[in-house]
Amino acid sequence: MKIETKLTFNNMKKNIKRTIYTTISIALCAFLIITTLLVTTSISNSLNENISSKYNDYHFVIRNVDLDSFNKIKDKEYIAQIYLQENDEGQLYEIDNLPASFQITNGINIYIKYDNYKKVCTYTNNIFETLNLTYVEANKKCELNTRLLNSCGLIDVSINAKQYVDNVPICQVRLNFTYSLDVMIIIILLIFSILSIIILYNAFLITMNERKKEYAVLNSIGATESQILKMTFLENTIIGIIGIMIGFFISILGSYLLLRVLNHIADSTIYNFKLILDIKYIIVSFVIIMMNIYISSLISSIRANSTSVIQGIKNNKQIKLKKNNSIFEKYLPIEGKLAFKNFKRNKNKYRIITILLIICMTSYITISTYINYEKVAANLIDEYDVDAELQLSENSNKYYKSILDNYVNTSGDKMEYLEYKVMGLYALVEPEDALIAECRYGDVMHFPIQIIGLDDKSYNGYITDLNANYGDYIIYNNLTQVEREGEEYIYKYYTAFKANYNFNLKIAYCNYSNNSEAVEYEIIDDETLREKFTLTKELPNGYKEVNNTEKITIFTNMDTFNHIEEKINIHPKKDRYQQNIWMHYENTSNSGNFVKIKCGNIINFSNYIENMIQKQNMDIFVRYYSLENKEKIIYMNILELILRTIILTIIMIGIINSINIINASLYEREEEFKALSRLGATKENMNKILIYENIYMFIKATIISIILSIPILYKIIQYMEKTIILDKLLIPLTNIGIFILLLFIIFLVIAIYSTKFIKEE
Amino acid sequence: MKILKVENLSKIYGKGDTKVIALNNISFEVEEGEFLAIIGPSGSGKSTLLHTVAGLGKPTSGKVYFYGKNMYEMNKKDLTILRRQKIGIIYQFYNLIPTLNVEENITLPIELDKKKIDKVKLEEIMKFLGIDNRRKHLPNELSGGEQQKVAIGRALMINPNIILADEPTGNLDSKSSNEIIQLLKKANKEYNQTIIMITHNLEIAKLADRIIQIEDGKII
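Notes on the structure follow. (Residues numbered from 1 in each chain as written. Chains lettered and ligands numbered in written order. Predicted model: local features only at pLDDT ≥ 70, side-chain atom pairs only at ≥ 80, totals over all residues. Heavy atoms only, no water.)

1. A word on the overall build of chain B
Inclusion rule: For the purposes of this entry, the term helix denotes a DSSP run of H or I that reaches at least four residues, the term strand denotes a run of E that reaches at least two, and both are numbered from the N terminus. Computation of the radius of gyration draws on C-alpha atoms alone. For the globule rule, the value is 2.2 Å times the number of residues to the power 0.38. Only protein chains enter the accessibility calculation, which uses a 1.4 Å probe. A residue is then buried if its area is under 20% of the maximum for its type, exposed if over 50%, and partly exposed in between. In this analysis, two residues are considered to be in contact whenever any of their non-hydrogen atoms come within 4.5 Å of each other. Exposure was quantified through the Shrake-Rupley algorithm and a 1.4 Å probe, taking into account, for residues, occlusion by the shown protein chains and nothing else. In this tally, Lys and Arg are treated as positive and Asp and Glu as negative; His is ignored, and so are the chain termini. A charged residue contributes its charge at one atom only: NZ of Lys, CZ of Arg, CG of Asp or CD of Glu.
Regarding its fold elements, chain B presents seven helices and ten strands. Relative to the compact-globule value of 17 Å for 220 residues, chain B shows a C-alpha radius of gyration of 17 Å, a close match. Taking the principal axes of its C-alpha atoms as reference, chain B extends roughly 50 × 40 × 35 Å. Looking at chain B as a whole, 55% of its 220 residues qualify as buried. Across chain B, the fraction of contacts at a sequence separation of at least 24, relative to all contacts at a separation of at least 6, is 73%. Accessible area for chain B stands at about 9900 Å²; split by element, carbon and sulfur atoms hold 48% of it. Taking the average location of the 32 positive side-chain charges in chain B and that of its 27 negative ones, the two points are 5 Å from each other.

Here it is in structure tokens:
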């Protein structure tokens, strides 16, 4: 066996503890990198698969297209299939299978399926360019960032035919797929690589420093630098390969378990993350880690070789003497003073642990705060106090209950639903001054109202709460007016009707002539809405969104609603100038019912109802109010789990390095401790020195972490204030405090454990 | 023939208030086969002189000629190879490789040179030093004297042109010291080995062919 190889193996065996610590450090670094790659690529694959299966029929929708634009794009070679839709409510038809009645005219919607789902963004950009489309907000050309966006999903573009810039229509683009994780993965791997290099450099340097004398002796008897470098590289390669193998196996296990937990958290979503062991990613991670090992090995070897042979043989260090003690030191006991001096002298050794602690603490403080803000924001459903709303047709009105009951029976989820009807009308009031002037449109007498017909349960509950009588018309007498001044929104709150006034409301058609100031009124009904009004600032349960309506809202029972509806239906509009219904509802066409849904698991419900609508072609339209927020909470939980895993790994690396460094430090300071012992220092004194050193290191790391966190927290709070406005900060101080305390205890325990290795004289 | 020539050698450490002149314009020569002792009190600069002569530390000024060639004009690698092949070094604290046994420590420079080990020579040296019965022992299993013998063996194995011994008996008891000195003397006489030995002990120094006294970095 070559002498370099022999010396390498001998050294590894002799310093078995050091070898083990370094191997574990490498294994943990490998775990960090491999797990990141495996988990993120597995998640990315699952998201890709899911999105491509969801949007299998078409990838791109462009609405309100004129004929000329349609002709420009319909023959593009990458288009596999085109579906056409006359308007947003119409049915989709294959272009080759259009019914005879279908008219391809200006304003149609085009649904495009590409031949390669991975190139959705590229093809779409080509269509944008062909049609010369521009965005609404920024007067710039439509273009998707193909690097950032995932390769598949649905792009929904609406052309606003009324707005043009330089003769080019403006459009709004809505994207319904995730941003590519590729860029994020590369950045994270880069960060972890740099971290690994620093950690491994430190671990190797400890070993080099321990063997400084031996290397110096070898050099003095004729070993060249390259021969010594060969030995260190050989040792680091062997340890590296063993470490990587261990890291690889724990990564597989760790990734599998992590994905299982993520799947449990995301249980009610459509996602099911599967661990994908792609050989190319495994090779990539091996290469990254080996490169990290070689880079750190090289740097540490160069660093170690910078000491002169004589210094190495004598095994002494140049100690820079600081003439003045700091004020801080004056108040410390002798152990503290010695510890402080040692800490300052050995800053390089403690630097890596300090850095790891800073990374852990800063990450935890900032990301925990961000997650906390996001979770609170997700929970604050300002606008709605229900989870979803169904808009029913006359047909679906008959069977929706069975669908909802079926959901409850099959899923076990709890559910409450509230039926209601709504119509928008114009009304006149008598006497006129019963209505506060602000509610009018200028000088005209009429004003818009919406009448909501509640189901029996809601209505009865409402009048009970208000101490009103059955049959009363409840006027929500608290309006919010929103005005915009530049970037700011100004909210005005006012009541519509004056209190303690007896008034009547007349439902009217408004007849506008060419001169809009002259309005004629035709009274449809002046008998129903009389006298029995209850004014309130309270809303019934489930109708929180009414708070944001700028129109006067009147709640009635269903009988009254139906009665008014009948009157409107039998009272025909004379001509098209008669203004009447201005909301959901046409007085002559089919009316719709609405059902508000409150359920335990909105994500489950959304999966169920979408499936039902698609399979059975039901004419139900669903609006989700809390779905996005609930999904956000799940994603936040996922992010939290990933963060905790990363921080835990970094802490473990820190612990191993800490033990390694303290051990090496004790070995170097053997003479110092023996000397102290000779002078009468007890084991207790020496233990205190070590403990003080660790406390200084921890305090330094904590102070730096807090300082680094402040600007990041400020940015987070600024960013989150765009979403929610709160009167208090949401920094989870208790959690952060507990985390820092736990870290402190861990490092204190390490220090106390290390004192076992102090050798007295 | 002059194996070594030291010309106006100076070595200064530090600057300003902390400046230390370890060697102050030293010049001397060593002939082949000579046993030279350099004696001086602690801090006189004798170890610095030996290390500079061994090529282990560049002087602040001056030259060191080895067989007429200025050592410090060579690059680091060539200087290391020179040490490996031509200069044997013996330290006060032995500086053996703790993970190699006696035999391996002695043959270490040969193996570093990638040359074949002359087993006959090895046996000869081990017998000469009286350590052939300890060949498989590790340094921590040997006494001080035995360790120093191994260090001498390591130095002799390469058949050096010169042996530099830095206080070879400094860490030994009198009996072992005597043994070591006798071995060095024997090596000088039997193998015509050129030896420069650093010592603070006049009695030991007297065994050499010539003594140079050094004090405060200067030859007295």
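2. Some words on the overall build of chain A
Along the backbone of chain A there are 20 helices and 20 strands. Residue burial in chain A is summarised as follows: out of 761 residues, 50% are buried. The long-range share in chain A, meaning contacts at least 24 apart out of those at least 6 apart in sequence, stands at 79%.

3. Quick word on a nonpolar patch on the surface
All names here are of chain A. Keep this limit in mind: Each patch is assembled from residues with relative accessible area greater than 30% and no salt bridge, linking like charges that lie within 9 Å and nonpolar side chains (Val, Leu, Ile, Met, Phe, Trp, Tyr) that lie within 5 Å. Any carboxyl oxygen of Asp or Glu that lies within 4 Å of a side-chain nitrogen of Lys or Arg is treated as forming a salt bridge with it.
The grouping of Ile279, Ile283, Val287, Met291, Ile295, Leu298, Ile299 and Ile302 at the surface amounts to a nonpolar patch, some 710 Å² of accessible area in total. Within the secondary structure layout, Ile299 lies in helix α8 (residues 279-304). Note on Ile299: relative accessible area 39%, which makes it partly exposed.

4. Notes on the nonpolar core
To be explicit about the condition: Nine residue types can take part in a nonpolar core, namely buried Ala, Val, Leu, Ile, Met, Phe, Trp, Tyr and Cys, and a core is a set of them joined through side-chain atoms within 4.5 Å. Each domain's extent is set by a domain assignment, obtained either automatically or from a database.
Counting residues in hydrophobic clusters, the biggest one holds 73 residues, and the most contacted among them are Ile293, Ile353, Leu357, Met361, Phe739, Leu743 and Phe747 of chain A. Residues lining this core come from more than one domain, with at least three contributed by each of domain 1 (1-55 + 179-317) and domain 3 (319-381 + 627-761) of chain A. Excluding its chain neighbours within four sequence positions, the residues that come into contact with Leu357 of chain A are Met697, Phe698, Ala701, Ser705, Leu743 and Phe747 of chain A. Ranked by size, the runner-up nonpolar core spans 50 residues in total, among them Val309 of chain A together with Leu82, Ile87 and Ile212 of chain B.

5. Overview of helix α15 (residues 558-570) of chain A
Put simply, the rule reads: A helix is expected to span 1.5 Å for every residue after the first.
Under the 1.5 Å per step criterion, the end-to-end length of α15 of chain A is 18 Å for 13 residues, consistent within 8% with the ideal 18 Å. Inspection of α15 of chain A places Met558, Thr560, Phe561, Ile564, Glu565, Lys567 and Ile568 of chain A among the buried residues, and these make up the whole buried set.

6. So, the sheet that holds strand β5 (residues 69-70) of chain B
All names here are of chain B. Rule in force here: Paired strands, as defined in this entry, are two strands with at least two bridges between them according to DSSP.
Taking strand neighbours across the sheet as the criterion, the four strands line up as β2-β1-β4-β5 in an open arrangement whose pairing is antiparallel. Strands at the two margins of the open sheet, each flanked by one partner only, are β2 (20-31) and β5. Here eight bridges tie strand β1 (residues 2-13) to β2, and the two strands are oriented antiparallel to one another. Its bridge partner lying in β2, Val6 is registered against Phe28.

7. Some details on the packing of aromatic side chains
Residues and elements named next belong to chain A. Applied cut-off: Whether two aromatic rings pair depends on their centres lying within 6.5 Å, for rings of Phe, Tyr and Trp, where Trp uses its six-membered ring; planes under 30 degrees apart make the pair stacked, over 60 edge-to-face, and the rest tilted. Lysine NZ or arginine CZ positioned within 6 Å of the ring centre and within 35 degrees of the ring normal marks a charge as sitting over the ring.
Evaluated as defined, the whole model comprises 27 aromatic pairs over all chains. Relative to Phe605, the ring of Tyr407 has its centre 5.1 Å away and its plane inclined at 75 degrees; by these criteria the two rings are edge-to-face. Of this pair, Tyr407 sits in helix α13 (residues 396-411) while Phe605 sits in helix α16 (residues 602-616), and the two are 198 residues apart along the sequence. Comparing Tyr407 with Phe605 shows no difference in burial state: the two are buried. Every member of this aromatic cluster is reached through a ring pair, and the members are Phe60, Tyr78, Tyr114, Tyr123 and Phe128. Across from the ring centre of Tyr281, 5.0 Å away, lies the NZ or CZ of Lys280, which sits over that ring. The ring centre of Tyr543 lies 4.6 Å from the NZ or CZ of Lys596, which sits over that ring.

8. Focus: the environment of Glu73 of chain B
Residues and elements named next belong to chain B. Considering the arrangement of structural elements, one finds Glu73 in the loop between β5 and α2 (76-86). You can call Glu73 exposed: its relative accessible area is 66%. In this structure, the C-alpha to C-alpha distance between Glu73 and Asn188, residues 115 residues apart in sequence, is 29 Å.

9. Regarding a positive patch on the surface
Taken together, the side chains of Arg303, Lys347, Arg351 and Lys700 of chain A make up a positively charged region of the molecular surface. The topology assignment puts Arg351 of chain A in helix α12 (residues 347-379).

10. A short note on the pattern of salt bridges
Applying the stated criterion across every chain yields a total of 31 salt bridges over all chains. In this structure, Asp75 of chain A engages Lys74 of chain A in a salt bridge whose closest nitrogen and oxygen atoms are separated by 3.7 Å. The salt bridge partner of Arg134 of chain B is Glu146 of chain B, with a shortest N-O separation of 3.2 Å. Taken together, the residues span a long stretch of sequence, with Arg134 of chain B in the loop between α4 (119-129) and α5 (144-157) and Glu146 of chain B in helix α5 at a distance of twelve residues. Salt bridges sharing partners connect three or more residues here, namely Glu389, Glu545, Lys596 and Arg623 of chain A.

11. Observations concerning the packing of helix α11 (residues 334-345) of chain A against helix α19 (residues 683-720) of chain A
Residue and element names in this part refer to chain A. This is how the line gets drawn: Note on geometry: axes are C-alpha line fits, over the in-contact stretch for helices, and angles between N-to-C directions span 0 to 180 degrees. Should an angle lie under 35 degrees it is considered roughly parallel, over 145 roughly antiparallel, and from 65 to 115 roughly perpendicular; all remaining angles are considered oblique. It is the rotation of the near helix from the far one that decides the hand of a crossing: anticlockwise by less than a right angle makes it left-handed, clockwise makes it right-handed. Three residue categories are used. Nonpolar comprises Ala, Val, Leu, Ile, Met, Phe, Trp, Tyr, Cys and Pro, charged comprises Asp, Glu, Lys and Arg, and polar comprises the others, including Gly.
Two elements in contact, α11 and α19, have axes whose closest approach is 8 Å; the angle formed by their N-to-C orientations is 55 degrees. The pairing of α11 with α19 is recorded here as oblique in orientation. Every pair of crossing elements has a handedness; the one defined by α11 and α19 is right-handed. Across from Glu335, Gly336, Leu338, Ala339, Phe340, Asn342 and Phe343 in α11, the residues of α19 making contact are Asn685, Lys688, Ile689, Tyr692, Glu693, Tyr696, Met697 and Lys700. A class-by-class count of the residues in the contact of α11 with α19 yields eight nonpolar, three polar and four charged.

12. Observations concerning the sheet that holds strand β6 (residues 87-90) of chain B
Working definition: the strands of a sheet are paired by backbone hydrogen bonds and lie parallel or antiparallel to each other. Residue and element names in this part refer to chain B. The six strands lie next to each other as β6-β7-β8-β3-β9-β10, forming an open sheet whose pairing is mixed. Edge positions in the sheet fall to β6 and β10 (218-219), since each has one partner strand and no second. Bridge count for strand β3 (residues 35-39) against strand β8 (residues 194-199) is five bridges, and the pairing is parallel. Looking across to β8, one finds that Leu36 is bridged to Ile196. This element, helix α1 (residues 46-53), spans β3, β7 (162-166), β8 and β9 (210-215) of the sheet and lies at about 150 degrees to β7. Each of β3, β6 and β8 is contacted by helix α6 (residues 174-190), which is oriented at about 155 degrees to β8, the strand it contacts most.

13. Considering the state of the cysteines
By definition, a disulfide links the sulfur atoms of two cysteine residues through a covalent bond. Residues and elements named next belong to chain A. Inclusion rule: By definition, disulfides here are pairs of cysteine sulfur atoms that lie within 2.5 Å.
Counted by the stated rule, this structure contains zero disulfides over all chains. Of all cysteine sulfurs in the structure, the one in Cys360 sits closest to Cys29, which takes part in no disulfide; the separation is 12 Å. On the accessibility criterion, Cys29 (1% relative accessible area) is buried.

14. Description of the interface of chain B and chain A
The criterion, for reference: As a working definition, buried area equals the accessible area (1.4 Å probe) given up by two parts on being put together, with both sides summed. Polar contacts, as used here, are pairs of N or O atoms within 3.5 Å; protein pairs need one atom able to donate a hydrogen and one able to accept it. Residues neighboring in sequence count only if both atoms are side-chain atoms.
In this complex, chain B contributes 22 residues to the contact, which on the side of chain A involves 23 residues. Where chain B abuts chain A, roughly 2100 Å² becomes buried across the two surfaces, and 63% of that area is made up of carbon and sulfur atoms. Joining chain B to chain A, the criterion identifies three salt bridges. Salt-bridge contacts for Glu104 of chain B lead to Lys6 of chain A; the nearest nitrogen and oxygen are separated by 2.5 Å. In this structure, the connection of chain B to chain A is made through eleven residue pairs in polar contact (both at pLDDT 80 or more). Here the element with the most residues in the side of chain B that touches chain A is α2 of chain B; it accounts for six residues.

15. Quick word on α13 of chain A
Residue and element names in this part refer to chain A. The criterion, for reference: Taken from the helix axis, the directions to the C-beta atoms give the arc we talk about.
Here α13 spans 22 Å end to end across 16 residues, near enough to the 22 Å set by a 1.5 Å rise per residue. Within the sequence span of α13, burial applies to Ser396, Tyr400, Ile403, Leu404 and Tyr407. Burial along α13 is one-sided: seen end-on, the buried residues are contained in an arc of 95 degrees. Exposed positions of α13 whose direction lies more than 90 degrees from the buried face are Lys398 and Asn409. Of the surrounding elements, those touching the buried residues of α13 are β8 (388-392), β9 (415-430), β19 (593-599), α16 and β20 (620-624). The positive-phi residue at the C-terminal boundary of α13 is Gly412, with phi of around 75 degrees.

16. Section: the packing of helix α1 (residues 3-14) of chain A against helix α3 (residues 102-112) of chain B
With their axes 10 Å apart at the nearest point, α1 of chain A and α3 of chain B run at an angle of 135 degrees to one another. Relative to α3 of chain B, α1 of chain A is oriented oblique. Contacts between α1 of chain A and α3 of chain B involve Ile3, Lys6 and Leu7 of chain A from the former and Glu104, Leu108, Glu111 and Leu112 of chain B from the latter. Its residues assigned to classes, the contact of α1 of chain A with α3 of chain B shows four nonpolar, no polar and three charged.

17. A few points about unusual backbone geometry
In the segment running from Glu430 of chain A into Pro431 of chain A, the intervening peptide bond is cis, with an omega of 0 degrees. Inspection of the secondary structure assignment puts Pro431 of chain A in the loop between β9 and β10 (447-454). The phi dihedral of Asn159 of chain B falls on the positive side, at around 55 degrees, and the residue is not glycine. With respect to the helices and strands, Asn159 of chain B occurs in the loop between α5 and β7.

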